[in-house]
Amino acid sequence: MLQLDHIVHFINRNPAQAILEWEKYGLKAIRGGSHINWGTYNSLLYFGLSYIEYLAVENPEVANQSENPLISQLLNDSKQFEGFGQICFRTSHIVRLKEDLKTKGYHPTEIFEGKRLRDDGVEISWKMLFIQQDGPLPYPFFIQWNQSDQDRFEDLKRTGMLPPKQENQSVKSISFVVSNVEQVTDDWARLLGVPIESKNKLKVGKTDLVFHDKKNSEILTSIHKLKGDRPFQVEIDPPIAKEPIIVFGDILK
C-alpha cells in the first residue's frame, strides 16, 4: 500500500530560510542535510511521517553531473520559479512496484540508492524509483526507506525532529491545477493502482489528490502565478492556520 511520503518544494535559497519562515507560524522545520553525491541540500517540515522537503542546489558542479531525475528537474525548474515540483509515495516493495509499473506500460527508471548524513551524525539511506515521461505534470516518484515506519516515527520523536504539536497532523489533500482533468485523473488512478473517488479525486493512503481545471479553477488567485501543471495547494489536518499561508510561492492551509 502506498502512503504519501513527502512533497518536494524547489527553492533558490538556503533551505535554512524555510526553517525561519515556519517559525513565524509556530511550526518546527528542521535541517535535513547534504546529499553529497547529488550536490543538493534540504530542510524538512514534518506532519506525522509525511513532510515537505525544501530542496536546493548546494554544489552546482556535482548537481549538473547527477543522473538522478529529481536533481535534473530541480536544475531546470529552479531557473524559472520556486515552488512545488513533485510528490513522493512510500512503498515497502519497490522492486515489485517497478515490475508492476512496467506491466502497466509505464517506463520506470533504475532504482537509485540515496543517503544523507544528518546533523547528529546518523546516516540515513533509502531507494528511489522514478517514471520516465513527457508532460507538464511530473508523475510521482517512489521511495523505500531502510527503516520501518514505526522505527522512523520513534526516531523522529526521540530526536525532536517531529515535535508533539506536529505528531498527529497529516497531509489531508494535495490540489493540482491541470489542463485536462479527466485524462490526468484516469492516468494517475491507473499508475497508482487506486480507484477514482469522484470525477477529479483519488485517495492514496490517507491523502486525497484533487485535480482542478486550469481554466475554471477557483483556487487560482491573483497573488500566485502558476508555472505549468504542478501541485498548488496542500491541506493539513488539523489545519495549521485559520487562513491559507503562502510560503515561497505555494499555498498551505
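Residues numbered from 1 in each chain as written. Predicted model: local features only at pLDDT ≥ 70, side-chain atom pairs only at ≥ 80, totals over all residues. Heavy atoms only, no water.

Novice: Account for the overall build of the protein chain, naming residues and giving values.
Specialist: Tallying secondary structure elements over the protein chain gives seven helices and 15 strands in all. In terms of overall size, the protein chain behaves like a compact globule, its C-alpha atoms giving a radius of gyration of 17 Å where 253 residues would be expected to give roughly 18 Å. Principal axes of the C-alpha set define a box for the protein chain whose edges measure 45 × 45 × 35 Å. Within the span of the protein chain, comprising 253 residues, buried residues form 53% of the whole. The long-range share in the protein chain, meaning contacts at least 24 apart out of those at least 6 apart in sequence, stands at 64%. Of the accessible surface of the protein chain, which amounts to about 12200 Å², a share of 47% is contributed by carbon and sulfur atoms. (Helix = DSSP H or I, 4+ residues; strand = E, 2+ residues; numbered from the N terminus. Rg over C-alpha atoms; globule rule 2.2 N^0.38 Å. Buried < 20%, exposed > 50% of the residue type's maximum accessible area, 1.4 Å probe, protein only. Contact = heavy atoms within 4.5 Å. Areas by Shrake-Rupley, 256 points an atom, 1.4 Å probe, with all protein chains shown as cover.)

Novice: With reference to specific residues and values, describe the side chain of Asp 5.
Specialist: As for its placement among the helices and strands, Asp 5 is situated in strand E1 (residues 3-10). For Asp 5, the contacting residues outside a window of four places in its chain are Leu 49, Ser 50, Tyr 51, Cys 88, Phe 89, Arg 90, Ile 143, Trp 145 and Arg 152.

Novice: Before we move on, could you go through helix H7 (residues 181-192) and cite the residues and values that matter?
Specialist: Residues spaced three or four apart along an α-helix point in a common direction, a consequence of the helix completing one turn every 3.6 residues. With twelve residues, H7 extends 16 Å from end C-alpha to end C-alpha; this agrees with the ideal 16 Å at 1.5 Å per step. Along H7, the positions that sit buried rather than exposed are Val 181, Val 184, Thr 185, Trp 188, Ala 189, Leu 191 and Leu 192. Looking straight down H7, one finds its buried side chains confined to an arc of 165°; they lie on one side. Looking at H7, the residues exposed on the side facing more than 90 degrees away from the buried face are Glu 182 and Gln 183. (Expected span 1.5 Å × (residues − 1). Arc of directions from axis to C-beta.)

Novice: Can you break down the pattern of salt bridges residue by residue, with the values?
Specialist: Per the counting criterion, the structure on display carries ten salt bridges. A salt bridge links Arg 90 to Asp 5; the shortest N-O distance between them is 2.8 Å. Residue Arg 90 is located in strand E5 (residues 83-90), and its partner Asp 5 is located in strand E1; the two are separated by 85 residues in the primary sequence. The pair formed by Arg 90 and Asp 5 is uniform in burial state, with each residue classed as buried. Between Lys 24 and Glu 21 there is a salt bridge, with its nearest N and O atoms 3.2 Å apart. What makes Lys 24 exposed here is its relative accessible area of 61%. Here the salt bridges do not stand alone but share partners, grouping Asp 5, Arg 90 and Asp 149 into one network. (Salt bridge = Lys/Arg side-chain N within 4 Å of Asp/Glu carboxyl O.)

Novice: An account of the packing of aromatic side chains is needed here, citing residue identities and associated values.
Specialist: Within this structure, the stated rule accounts for twelve aromatic pairs. Here Trp 22 and Tyr 25 contribute two aromatic rings whose centre-to-centre distance is 5.6 Å and whose plane-to-plane angle is 55°, an arrangement assigned as tilted. Exposure remark for Trp 22: the relative accessible area of 0% places this residue in the buried category. Ring geometry for Tyr 106 and Tyr 139: centres 5.8 Å apart, planes at 85°, overall edge-to-face. Pair noted here: Tyr 106 is in the loop between helix H4 (94-103) and strand E6 (107-117) and Tyr 139 is in the loop between strand E7 (123-132) and strand E8 (141-145), with a separation of 33 residues, a long-range link. Note on accessibility: Tyr 106 and Tyr 139 belong to one class, buried. Among the aromatic side chains, those forming a connected cluster through ring pairs are Tyr 106, Tyr 139, Phe 176, Trp 188 and Phe 211. Over the ring of Phe 248 we find Arg 13, and its NZ or CZ is 4.0 Å from the ring centre. Sitting over the ring of Trp 145, Arg 152 keeps its end group 4.3 Å from the ring centre. (Phe/Tyr/Trp six-rings, centres within 6.5 Å; stacked < 30°, edge-to-face > 60°. Lys NZ or Arg CZ within 6 Å of the ring centre and 35° of its normal.)

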